[in-house]
Amino acid sequence: MVQRISNSWELVKASARVLQQDKELLVFPVISMIGVLIVTATFILPFIFGGLLDALLSDRFQAAGYIVMFLYYIVQYAVIFFANTALVGAAMIRLKGGDPTVRDGLEIAARNLPAILGYSVIAATIGVILRSLTERSEGLGRFVISLLGTAWNVATFLVVPVLAVEGLGPIEAIKRSTSLLKRTWGEQIAGNFGLGAITFLTIMVVILFGAAGVFGLIAINASPFFFVIFIALMVLLLVVIGLVSSTLSSIYTSAVYQYAVTGETGGFFDDQLVQQAFRPRR
């Protein structure tokens, strides 16, 4: 397990080298973040100012609340998957030796928009069902549902690169992702775990530093202006960390997909390392 996580860390560093070559890949997570904020505001603000939010949360209008949540999930997922497909599409161009642009990624996502929308509906349906079951369950039931959610996330791990490269429909993409995972079982989870752990530790360091900074400002009796500036900088730093982490994760997913399909990952990755890491499941 330790060796597997170590191998995944090497793959994460290789992903960082790809990002160093194509810093414009960071544009796609920014598009996703802005899109999600716009979608959230579009759905939430009218209900808040219209006084309908409490009604949707009540038992009487619970069905209507689920319908609104379902529609919100669809639009939100569509925005996220569109940006991720664009990012992965551009990253695949780099892994194959090309020099991608933001326009290249957006064109790839636009060509696969129908499949992205279809997959968004499927993902939203699963999300609403799992959330509904979680709210109605306790203890062991919630644990089982969380396992089902994890299984869904694993099975669909390679859906986005499949959509970006192979142009399949949403259902075929899910089947294709599951099939590819049978040949690369385990390492993609360890790789994401390694990236997630690194991101978590980095965020914790920033938070601890931020807390120390706030106490320091209190100790010197600084003006509110400095508090606002300092907190704004900390928030901005956390946002940047999140954007970089998201980009590296998508690049990593692209590398996993390319190896699963071709047995090679491109010049940025150590193929021998990947060959040792991706052993067929017995």
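None of these values were measured; they are calculated from a predicted model.

(A) Broad picture of the packing of aromatic side chains. Tallying each qualifying case throughout the model produces 7 aromatic pairs. With a centroid separation of 5.5 Å and an interplanar angle of 70°, the aromatic rings of phenylalanine 43 and tyrosine 72 are classed as edge-to-face. Here phenylalanine 43 is found in helix α2 (residues 27–50), whereas its partner tyrosine 72 is found in helix α4 (residues 62–95), with 29 residues between them in sequence. Owing to a relative accessible area of 18%, phenylalanine 43 belongs among the buried residues under this scheme. Arranged with centres 5.6 Å apart and planes meeting at 75°, the rings of phenylalanine 225 and phenylalanine 226 form a pair that is edge-to-face.

(B) A look at the nonpolar core. If you look at the biggest cluster of nonpolar residues, it comprises 40 residues, and the most contacted ones within it are Leu25, Leu158, Leu163 and Ile251. At the level of secondary structure, the elements contributing two or more residues to this core comprise α1 (2–21), α4, α5 (102–111), α6 (113–136), α8 (159–166), α9 (170–181) and α11 (224–262). Every residue in contact with leucine 158, bar those within four places of it in the chain, is listed here: Ser177, Leu180, Leu181, Thr253, Val256 and Tyr257.

(C) Broad picture of unusual backbone geometry. Positive phi, close to 60°, is recorded for asparagine 221, a residue that is not glycine. Summarising the element assignment, asparagine 221 is placed in the loop between α10 (187–219) and α11.

(D) Highlighting a nonpolar patch on the surface. Residues Met33, Ile34, Leu37, Ile38, Ile231, Val235 and Val239 make up a contiguous nonpolar surface patch of roughly 590 Å² in combined accessible area. Put simply, the parts of the chain that give the nonpolar patch at least two residues each are α2 and α11. Broken down by element, the residue count for the nonpolar patch peaks at 4 residues, all from α2. You can see isoleucine 38 is positioned in helix α2.

(E) Just the pattern of salt bridges, in detail. The tally for this structure, following the rule as stated, stands at 4 salt bridges. Arginine 94 is the partner of aspartate 99 in a salt bridge, and the nearest nitrogen-oxygen pair spans 2.9 Å. In this structure, glutamate 166 and arginine 176 form a salt bridge, with 3.0 Å as the shortest nitrogen-oxygen distance. Remark: arginine 176 occurs in helix α9 and glutamate 166 occurs in helix α8; sequence separation between them is 10 residues. Among the residues examined, glutamate 166 registers a relative accessible area of 28% and is labelled partly exposed. Residue arginine 176 is classed as partly exposed on the basis of its relative accessible area of 25%. Bridged by salt links that share partners, the residues Asp22, Arg94 and Asp99 form one connected network.

(F) Broad picture of the confidence of the model for the protein. The predicted model of the protein has a mean per-residue pLDDT of 80, with 80% of residues at 70 or higher. The element-level mean pLDDT for the protein is lowest in helix α3 (residues 53–57), coming to 54, with α5 highest at 93. Across residues 277–282 the pLDDT falls below 50, and counting only partners more than four positions away or on other chains, this stretch makes 13 contacts in the model.

(G) Broad picture of the packing of α6 against α9. One way to put it is that α6 packs onto α9 with a least axis distance of 8 Å and a crossing angle of 75°. Taken together, the axes of α6 and α9 are roughly perpendicular relative to one another. Mapping the contact onto sequence places Ala115, Gly118, Tyr119 and Ile122 in α6 and Pro170, Ile171 and Ile174 in α9. Its residues assigned to classes, the contact of α6 with α9 comprises 6 nonpolar, 1 polar and no charged.

(H) Spotlight on the side chain of serine 177. With respect to the helices, strands and loops of the structure, serine 177 is situated in helix α9. Exposure remark for serine 177: the relative accessible area of 0% places this residue in the buried category. Reaching out from serine 177, the side chain makes a polar contact with the backbone nitrogen of leucine 158 at a distance of 3.0 Å. When sequence neighbours within four positions are dropped, the list of residues in contact with serine 177 reads Ala155, Thr156, Phe157, Leu158, Val159 and Val162.

Here is what the cut-offs are and how they apply
Residues numbered from 1 in each chain as written. Predicted model: local features only at pLDDT ≥ 70, side-chain atom pairs only at ≥ 80, totals over all residues. Heavy atoms only, no water. Phe/Tyr/Trp six-rings, centres within 6.5 Å; stacked < 30°, edge-to-face > 60°. Helix = DSSP H or I, 4+ residues; strand = E, 2+ residues; numbered from the N terminus. Buried < 20%, exposed > 50% of the residue type's maximum accessible area, 1.4 Å probe, protein only. Core = buried A, V, L, I, M, F, W, Y, C linked by side-chain atoms within 4.5 Å. Contact = heavy atoms within 4.5 Å. Patch = residues over 30% accessible without salt bridge, like charges linked within 9 Å, V, L, I, M, F, W, Y side chains within 5 Å. Areas by Shrake-Rupley, 256 points an atom, 1.4 Å probe, with all protein chains shown as cover. Salt bridge = Lys/Arg side-chain N within 4 Å of Asp/Glu carboxyl O. pLDDT = per-residue confidence, 0-100. Axes fitted to C-alpha atoms, helices over the stretch in contact; angles between N-to-C directions. Parallel < 35°, antiparallel > 145°, perpendicular 65-115°, else oblique. Nonpolar A, V, L, I, M, F, W, Y, C, P; charged D, E, K, R; others polar. Polar contact = N/O pair within 3.5 Å; in protein donor to acceptor, adjacent residues only side chain to side chain.

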